[in-house]
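The primary structure of each chain is shown beneath.
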Amino acid sequence: GAVQPGEVKARLGQNHPNPFTRSTTIPYYVPETSISAQLKIYSLNGQEVYSTELMQRGEGQIEVPAQTMSAGNYIYQLLVDGQTVDNKKMLLSD
């Protein structure tokens with residue numbers, strides 16, 4: 001049947017490749033009705049190292065370059081309309 005409003009929720013996929021060296025791609029889904037969506041990446045000590053506005057609605061993916069980050073574990077987060085949807089871990093190797 002038809003998809004009813006409220007059934008489709010935003011989601012965050014696992015980055016690939018993981019671990020990565022130069023760049024990694026993060027898949028996501030942002031509902032068409034969303035006003036704002038951001039992807040943020042944090043080091044394990046909570047420092048924000050990357051943030052970008054996601055303009056695309058529906059299924060999307062974003063490529064994140066590693067050049068501003070040093071090797072190690074990171075947590076990336078999808079925020080939709082100011083609410084945290086999900087967090088996942090990724091590993092940057094040197």
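Above this text is the structure in question.
Below: a short report on this structure. Keep in mind that what you see is a predicted model, and the values were worked out from it rather than measured.

Rules and cut-offs
- Residues numbered from 1 in each chain as written.
- Predicted model: local features only at pLDDT ≥ 70, side-chain atom pairs only at ≥ 80, totals over all residues.
- Heavy atoms only, no water.
- Salt bridge = Lys/Arg side-chain N within 4 Å of Asp/Glu carboxyl O.
- Pairing = 2+ DSSP bridges.
- Helix = DSSP H or I, 4+ residues; strand = E, 2+ residues; numbered from the N terminus.
- Axes fitted to C-alpha atoms, helices over the stretch in contact; angles between N-to-C directions.
- Buried < 20%, exposed > 50% of the residue type's maximum accessible area, 1.4 Å probe, protein only.
- Polar contact = N/O pair within 3.5 Å; in protein donor to acceptor, adjacent residues only side chain to side chain.
- Contact = heavy atoms within 4.5 Å.

### What to know about the pattern of salt bridges
Using the criterion set out here, one finds 3 salt bridges in the structure. Of the charged contacts in the structure, one is a salt bridge between Lys88 and Asp86, with a shortest N-O distance of 3.5 Å.

### A short note on the sheet that holds strand S4 (residues 48-53)
As summarised here, the arrangement of the 4 strands in space is S4-S3-S6-S7, forming an open sheet in which the pairing is antiparallel. Of all the strands in the sheet, just S4 and strand S7 (83-92) have a single pairing partner and so form its edges. Adjacent strand axes in the sheet meet at a mean angle of 20°, parallel and antiparallel pairs treated alike. Two elements, strand S6 (residues 72-80) and S7, share 9 bridges in a ladder whose sense is antiparallel.

### Comments concerning the side chain of Gln77
Along the chain, Gln77 turns up in strand S6. For Gln77, a relative accessible area of 12% translates into the label buried. At 3.3 Å, the side chain of Gln77 forms a polar contact with the side chain of Thr84. Contacts of Gln77, omitting those with residues within four sequence positions, involve Leu12, Gln38, Leu39, Lys40, Tyr42, Thr84, Asp86 and Asn87.

### A closer look at the sheet that holds strand S2 (residues 23-30)
Within the open sheet, the 3 strands sit side by side as S1-S2-S5. Their pairing is antiparallel. At either end of the open sheet lies a strand with only one pairing partner, and these are strand S1 (11-12) and strand S5 (58-65). Direction of pairing for S1 relative to S2: antiparallel, over a ladder of 2 bridges. Residue pairing across strands places Arg11 opposite Tyr29, the latter belonging to S2.

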